[in-house]
Amino acid sequence: MRTAGVRLIDAINDTIVAVSSASGHGIRGIVRLSGPDAIAIAARLFVADGETCLSRQPGFRRISGMVWLDTTRRLPAEVYLFRASRSYTRQDCAEIHTIGSPAVLAMVVDGARSAGARLAQPGEFTARAFLGGAMDLFQAEAVAATIAARSDRQLRAARKLQEGDLSRRITEWRARLMEVTALIEADIDFADEPIEFITPGALRSQLSGLAQQIEALRAGADAAERFDVLPTALLIGRPNAGKSSLMNALSGLDRAICSAVSGTTRDIVSAPIKLGTTEAMLLDAAGVHEDADALMREAQARVLSAAEHVDLLCLVIDVAAPPDMSAFDCLRSTPTTPCVLVANKIDLLDEETRDHRQTILTQAAPANVMSVCAVSATEGTGLDHLRDALAGQLGHRDDLAEEKSVVLSARQRGCLASASQALDRAIAEAEQIGETVDRAEVLALELREALDALGELIGAVTTEDLLSTIFASFCIGK
Ligand code: GDP
């Protein structure tokens with residue numbers, strides 16, 4: 001929660017403190033201070049080994065000693081000093097590293113507060129880094145995305161933003177756009193003179209070149225957004241084939257009600273599953289079969305419509321039951337969606353019957369069945385092989401997406417869309433430039449709007465509200 005009354009933009013001249021290591025117990029915990037008195041406050045809490053005087057130390061120093069918890073107790077600690085402006089926040093910073101006990105760290109924070117520091121708000125260290133020019137808004141948001149990343153893929157996407165290539169590209173687009181805008185504005189100012197600052201041809205080619213690049217980034221971000229949502233695999237198959245049991249076995253969660261009564265699962269339930277270094281969302285829905293009551297038919301309709309939008313189908317077949325090839329009928333409406341066939345309940349068969357039934361299924365399977373996995377959902381047999389088969393189908397899609405796209409937040413995509421739309425309108429105006437000065441003025445306005453949108457994207461144009469919204473999503477200490 002943001003502390004009422006403290007505005008990020010105004011409040012950068014006091015000294016803030018927070019625990020910046022992960023919450024809970026750890027071998028080492030970190031209390032971080034940033035601001036003009038950071039080093040002086042650290043010096044009051046800390047006794048360095050030997051005669052070292054903390055306040056007189058240059059930056060980039062690690063000093064061993066003891067930290068005071070209260071007037072009588074102290075613990076071994078190290079202090080890292082980073083002097084302005086070569087620190088994360090571009091201000092004087094001190095980090096006190098000591099034993100990672102929440103109680104100990106809370107006492108160190110209290111000590112710092114008594115010595116004059118203010119408890120930091122969520123994201124305030126990174127907000128200072130942004131306001132101090134250490135990073136642009138893109139990179140600051142990437143810090144939040146790195147902290148929030150749930151998978152290797154999300155971590156790589158966040159790193160891509162943090163590296164700053166994209167910021168540099170957008171800064172360069174802004175500079176080009178600013179130049180064109182200045183030339184148009186000069187044309188307006190000197191409308192009565194026979195001077196042409198930019199030819200209509202050069203104007204159009206500059207603007208459409210930029211529009212194409214912005215649009216390409218936007219399309220990539222839109223694609224990434226679709227991929228940022230975890231890839232989906234839908235379990236389908238007759239009631240009692242073992243879909244819910246498989247869902248629970250793969251996810252480790254008891255999301256679906258497993259029951260021997262046919263048709264228990266009537267709604268779509270979902271759970272994330274880990275597939276090696278990637279993740280997917282596994283969906284389970286009502287079994288597909290013909291003699292269904294109205295509620296069941298409704299549920300089946302949902303399954304069929306969901307099946308059209310998922311990345312992978314997982315057709316579960318009870319191999320302990322006599323072979324029945326009509327089980328494949330449910331794949332008829334989705335002939336191009338890849339499918340992994342799961343031959344379940346192998347624990348109920350001897351090896352010979354199991355192999356025989358698996359061969360029959362493999363031969364009869366339609367073309368979109370990419371692999372057949374023999375498993376027992378209840379005993380856990382064959383699940384690693386099944387995970388590999390699912391990752392083989394879904395991981396590939398991840399890689400493709402990752403190469404081409406960059407994951408942007410809704411705010412960032414909104415700014416890009418505004419820039420792109422303003423530029424399109426400017427291009428439409430540019431088609432008619434030269435007819436009247438009014439046209440040039442409208443064109444200049446559209447260009448300014450595109451510039452503002454790009455500026456907002458990287459944080460060159462900001463408001464307190466925007467910053468508060470962005471940094472409020474951070475945790476305290478970051
Ligand atoms: P769903 O209708 O497809 O979701 O099927 P469920 O997961 O509810 O399973 C139906 C019944 O089959 C339950 O009694 C499960 O315990 C049982 N079952 C599921 N998988 C296996 C398995 O691999 N082996 C055995 N022996 N029984 C299973």
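Starting afresh in each chain, residues are numbered from 1 along the sequence in its written order. Totals for whole chains, interfaces and linings use all residues, but because this is a predicted model, local features are given only for residues with pLDDT of at least 70 and pairs of side-chain atoms are given and counted only at 80 or more. Just so you know, side-chain values use all the structure's heavy atoms and leave hydrogens and water out.

1. So, the site of the ligand
Throughout, the term near means that a residue has one or more heavy atoms lying within 4 Å of the molecule or strand in question. The local shell around the ligand holds 18 residues, among which Asn 240, Lys 243, Ser 244, Ser 245 and Asp 347 are the closest. Two N or O atoms count as a polar contact when they lie within 3.5 Å, although within protein this holds only if one can serve as hydrogen donor and the other as acceptor, and sequence-adjacent residues are included solely when both atoms are side-chain atoms. Contact between the ligand and Asn 240: an oxygen atom at 2.7 Å from a main-chain N or O atom of the residue. Note that accessible areas follow from Shrake-Rupley with a 1.4 Å probe, and for residues the cover is restricted to the protein chains shown. Within the complex, the protein chains bury 84% of what would otherwise be the 580 Å² of accessible surface of the ligand. Helix and strand labels come from DSSP, where a helix needs a run of H or I of at least four residues and a strand needs a run of E of at least two; each type is numbered from the N terminus. A total of three residues in the shell around the ligand trace back to one element, the largest contributor, which is helix 8 (residues 243–251). Classification used: nonpolar for Ala, Val, Leu, Ile, Met, Phe, Trp, Tyr, Cys and Pro, charged for Asp, Glu, Lys and Arg, polar for all others including Gly. Within the shell around the ligand, the residues separate by chemical class into six nonpolar, eight polar and four charged.

2. Some points on the sheet that holds strand 12 (residues 339–344)
Two strands pair under a simple rule: DSSP has to find at least two bridges between them. Pairing within the open sheet is mixed, and its six strands lie in the order 9-10-8-11-12-13. Both outer strands of the open sheet, strand 9 (269–275) and strand 13 (369–374), are each paired with one neighbouring strand and no more. Strand-to-strand twist across the sheet, computed as the mean angle between neighbouring axes with direction ignored, equals 25°. Relative to strand 11 (residues 312–318), strand 8 (residues 232–236) runs parallel, the two being bridged by four bridges. Within strand 11, the position partnered with Ala 233 by the bridge is Leu 312. Contacts were defined at the residue level, with two residues in contact if any of their heavy atoms lie within 4.5 Å. Helix axes are fitted to C-alpha atoms over the stretch in contact, other axes to C-alpha atoms as well, and angles between N-to-C directions run from 0 to 180 degrees. Packing against the sheet, helix 10 (residues 351–364) makes contact with strand 11, strand 12 and strand 13, and its axis sits at approximately 170° to strand 13.

3. Quick word on the sheet that holds strand 4 (residues 61–68)
Hydrogen bonds between backbone groups are what pair the strands of a sheet, and the pairing can be parallel or antiparallel. The strand order across the open sheet formed by seven strands is 3-4-5-6-2-1-7, and the pairing between neighbours is mixed. Edge positions in the sheet fall to strand 3 (46–48) and strand 7 (118–119), since each has one partner strand and no second. Of the pairings in the sheet, the one linking strand 5 (residues 74–82) to strand 6 (residues 93–100) comprises five bridges and is antiparallel in character. When the sheet's bridge partners are listed, Leu 81 is paired in strand 6 with Ala 94. Docked against the sheet, helix 2 (residues 102–114) engages strand 1 (16–19), strand 2 (26–34), strand 4, strand 5, strand 6 and strand 7, running at close to 150° with respect to strand 6.

4. Quick word on the side chain of Ser 34
Mapped onto the elements of the fold, Ser 34 is located in strand 2. Three exposure classes are used, based on accessible area relative to the maximum for each residue type with a 1.4 Å probe and protein chains only: buried under 20%, partly exposed in between, and exposed over 50%. Under the relative-accessibility criterion, Ser 34 is labelled buried at 0%. Separated by 2.9 Å, the side chains of Ser 34 and Thr 89 make a polar contact. Among all residues touching Ser 34, those that are not within four sequence positions of it are Asp 14, Thr 15, Ile 16, Thr 89, Gln 91, Asp 92, Cys 93, Phe 125 and Arg 128.

5. Quick look at the pairing of strand 11
The element strand 11 is extensively covered by neighbouring structure, given that six of its seven residues are classed as buried. Of the pairings in the sheet, the one linking strand 11 to strand 12 comprises six bridges and is parallel in character. Bridge assignment links Cys 314 to a residue of strand 12, and that residue is Val 340.

6. Some thoughts on the packing of aromatic side chains
Think of it this way: a Phe, Tyr or Trp ring, Trp meaning its six-membered ring, pairs with another when their centres are within 6.5 Å, and the plane angle makes it stacked under 30 degrees, edge-to-face over 60, tilted otherwise. Considering all chains together, one arrives at two aromatic pairs under this definition. Arranged with centres 6.0 Å apart and planes meeting at 85°, the rings of Phe 60 and Phe 82 form a pair that is edge-to-face. Of this pair, Phe 60 sits in the loop between strand 3 and strand 4 while Phe 82 sits in strand 5, and the two are 22 residues apart along the sequence. Since its relative accessible area comes to 49%, Phe 60 is described here as partly exposed. For the pair Phe 190 and Phe 197, a centre-to-centre distance of 5.7 Å together with 45° between the ring planes defines the contact as tilted. Under the relative-accessibility criterion, Phe 190 is labelled partly exposed at 38%. Criterion for a charge above a ring: Lys NZ or Arg CZ within 6 Å of the ring centre, and within 35 degrees of the ring normal. Its end group placed over the ring of Phe 125, Arg 32 keeps NZ or CZ at 5.2 Å from the ring centre. For Arg 74, the ring lying beneath its charged end belongs to Trp 68, and the centroid distance is 5.2 Å.

7. Looking at helix 3 (residues 124–131)
Counting buried positions along helix 3 gives seven out of eight residues, so the element sits mostly inside the fold. Within the sequence span of helix 3, burial applies to Glu 124, Phe 125, Thr 126, Ala 127, Arg 128, Ala 129 and Phe 130. Positive phi shows up at Gly 133, right after helix 3, with a value of about 85°.

8. Observations regarding the confidence of the model for the protein chain
Low pLDDT means the predicted coordinates in that region are not meant to be read closely. Per-residue confidence from the predictor is given as pLDDT, running between 0 and 100. Averaged over every residue, the pLDDT of the protein chain is 82; residues scoring 70 or more account for 83%. Highest mean pLDDT in the protein chain belongs to helix 1 (residues 38–45) (96); lowest belongs to helix 9 (residues 294–307) (60). Under a pLDDT of 50 for its full length, residues 256–266 has, in the predicted model, 29 contacts with residues more than four places off or in other chains.

9. Concerning unusual backbone geometry
If a residue is not glycine, its phi is most likely negative; likewise, a peptide bond is most likely trans. The linkage connecting Ala 84 with the following residue, Ser 85, adopts the cis geometry, with an omega of 0°. A positive phi angle, near 70°, is found at Arg 90, a position not held by glycine. Along the polypeptide, Arg 90 turns up in the loop between strand 5 and strand 6. Residue classification places Arg 90 among the partly exposed residues on the basis of a relative accessible area of 33%. Unusually for a residue other than glycine, Asn 240 sits at a positive phi of about 75°. By the element assignment, Asn 240 lies in the loop between strand 8 and helix 8. Residue class for Asn 240 comes out partly exposed when judged on its relative accessible area of 33%.

10. Focus on the side chain of Glu 78
Topologically, Glu 78 is positioned in strand 5. Judged by its relative accessible area of 16%, Glu 78 falls in the buried class. At a separation of 3.3 Å, a polar atom in the side chain of Glu 78 contacts the side chain of Arg 28.

11. Brief notes about the environment of Ser 64
Among the secondary structure elements, Ser 64 is positioned in strand 4. Of the residues examined, Ser 64 reaches a relative accessible area of 34% and is grouped as partly exposed. For the pair formed by Ser 64 and Glu 78, sequence separation is 14 residues and the distance between their alpha carbons is 4.4 Å. With residues near it in sequence (within four places) discarded, Ser 64 still touches Phe 46, Ala 48, Asp 49, Ala 77 and Glu 78.

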